[in-house]
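Listed below, chain by chain, are the residues.
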Amino acid sequence: MMILLPLLGVWACFMVVLWAKRGDGRRDLRRCPRCWYSMDGQAGLKCPECGYAARIESELFQPRSHRGVFRAGLVVMVMTAAAWMWMVIPGAWTNKVPRFALRIALNMAEPYRGVPRTRTEIDQSVPNRQWMTSEVAWSRVLWQQQVNNVMRQWADAVMEKSGPITAEELPHLVELANLANESYVQTGGLAHGEGWISDVVKMDVARVRANSSDPWVKLRAEWVLSDLQYVGGDYSHRMDWGVIPEEVLQMSLAHSDTNVRLYGVDRVGVAARLKLMTPRKTQFPQVGDLVRQMAASDPDLGVRRRAKDVVSYMEAFNIK
Ligand SMILES: [Zn+2]
């Protein structure tokens, strides 16, 4: 019952607003529509009292509207409706305020600082994981904003250059990709309905991919999106998502940087898992032989181990 009270208030306000808009209907007299001065027997359309000049004769026969009541009624109606929404929408206040307002506040509290170039800048942008499970709603949305920022850093770092992806830029891009993915993968388990905050970057990059006619821009966007779709768990909707472009895979596997090779091997493992799930839709990249070689002879122990895992997975499920 309490929950219906504000609705009753909204209805009452609506009736008042309707009444104020319609006016009190006395159309017989010629009057100034602004100050209601009687212009009976006056020539012309200009009011001698307030100086208002009507455009046409019929304006002088308009019913008197109650502009003040109309405006006040509207304001009270909107406020009552907001109060009702506040009561009805469950969860913390961060769910109840309009999202655009929350976004403005978050952008002020935790602004986006662009692509990090130095070690220090990268370390400073690591999201504060303790905030993710905080009891304080504001801390949780701040954490989402930080995740949003590292995703944007990666997307911007990939998209700020044009042309083919080069081996020189891979170490930096892979480091940002790992940071973005490690942070974003945790948002999937959020129980507070605040995950939308970090979905904005995905939508932005998807828009770039859809609107650009440059094949290299499309490839770069595809890389960002496919990786984010994989870690976000969205690949179940579109089965080819999650497999990063084969150009990037091959370049990563042959790279001199250990972290880049590790990234490549890991994404081959992802592609193998998706191949098993969806044999028809996923094109397994021609990189299996490269990973087998790495399992045998990569100079880095961590890469060898990860490559062996992927190879044994592929053999166990007969993925070629
Ligand atoms: Zn007047």
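All of these numbers come straight from a predicted model, not from anything done at the bench.

K.L.:
Would you explain helix α2 (residues 67-88) in this entry?
P.N.:
At 3.6 residues per turn, the α-helix brings residues three or four places apart onto the same side. Relative to the 32 Å expected for 22 residues at 1.5 Å per residue, α2 spans 31 Å between its end C-alpha atoms, a close match to the ideal helical length. Restricting attention to buried positions, one finds in α2 the residues Gly73, Met77 and Thr80. One side of α2 holds all its buried residues, which, seen down the axis, span an arc of 75°. Looking at α2, the residues exposed on the side facing more than 90 degrees away from the buried face are Arg67, Gly68, Arg71, Val78 and Met79. Along its buried surface, α2 packs onto α1 (5-22).

K.L.:
I keep staring at the coordination of the zinc ion and nothing clicks. Help me out?
P.N.:
Ideal coordination angles are 109.5 degrees for a metal with four donors arranged tetrahedrally and 90 or 180 degrees for a metal with six donors arranged octahedrally. Of the protein atoms, only Cys32 (SG), Cys35 (SG), Cys47 (SG) and Cys50 (SG) coordinate the zinc ion, at distances of 2.3 to 2.4 Å. Of note is the zinc ion, whose four donor atoms meet at the metal with angles of 106 to 112° in an arrangement that counts as tetrahedral. Each donor residue of the zinc ion lies on the same chain, and together they follow the pattern C-x2-C-x11-C-x2-C. Taken together, the residues Cys35 in the loop between α1 and α2 and Cys47 in the loop between α1 and α2 connect sequence positions 12 residues apart.

K.L.:
So what exactly am I meant to see when it comes to the pattern of salt bridges here?
P.N.:
Side chains that carry opposite charge are capable of pairing whenever their charged atoms lie near each other. Counted under the stated rule, the structure contains 14 salt bridges. Salt-bridge contacts for Arg152 lead to Asp204; the nearest nitrogen and oxygen are separated by 3.2 Å. Taken together, the residues Arg152 in helix α6 (residues 137-159) and Asp204 in helix α8 (residues 200-211) connect sequence positions 52 residues apart. Through salt bridges with shared partners, a single network forms among Arg119, Asp123 and Glu175.

K.L.:
How do you make sense of a positive patch on the surface when you look at a structure like this?
P.N.:
A cluster of like positive charges, contributed by Lys21, Arg34, Arg67 and Arg71, occupies part of the molecular surface. With respect to the secondary-structure elements, Lys21 resides in helix α1. Note on Lys21: relative accessible area 57%, which makes it exposed.

K.L.:
Teacher, can you tell me more about the nonpolar core here?
P.N.:
What tends to happen in soluble globular proteins is that the nonpolar side chains get buried as a cluster. Trp154 and Trp223 are the most contacted members of the largest nonpolar core, which totals 47 residues. Sorting the residues of this core by element identifies α6, α7 (170-187), α8, α9 (215-232), α10 (246-253), α11 (258-277), α12 (288-297) and α13 (301-316) as the ones contributing at least two each. Residue contacts for Trp223: discarding those within four places in its chain leaves Trp154, Val158, Ile165, Leu170, Leu173, Ile244, Pro245, Val248 and Tyr263. Among the nonpolar cores identified, the runner-up in size contains five residues, and Cys32, Met39, Cys47 and Ala54 belong to it.

Conventions we followed
- Residues numbered from 1 in each chain as written.
- Predicted model: local features only at pLDDT ≥ 70, side-chain atom pairs only at ≥ 80, totals over all residues.
- Heavy atoms only, no water.
- Helix = DSSP H or I, 4+ residues; strand = E, 2+ residues; numbered from the N terminus.
- Expected span 1.5 Å × (residues − 1).
- Buried < 20%, exposed > 50% of the residue type's maximum accessible area, 1.4 Å probe, protein only.
- Arc of directions from axis to C-beta.
- Contact = heavy atoms within 4.5 Å.
- Donors = N, O, S within 2.8 Å, 3.2 Å for Na, K, Ca; no water.
- Tetrahedral: all angles 85-135°; square planar, octahedral: opposite > 155°, others 65-115°.
- Salt bridge = Lys/Arg side-chain N within 4 Å of Asp/Glu carboxyl O.
- Patch = residues over 30% accessible without salt bridge, like charges linked within 9 Å, V, L, I, M, F, W, Y side chains within 5 Å.
- Areas by Shrake-Rupley, 256 points an atom, 1.4 Å probe, with all protein chains shown as cover.
- Lys, Arg positive; Asp, Glu negative; His and termini not counted.
- Charge placed at Lys NZ, Arg CZ, Asp CG, Glu CD.
- Core = buried A, V, L, I, M, F, W, Y, C linked by side-chain atoms within 4.5 Å.

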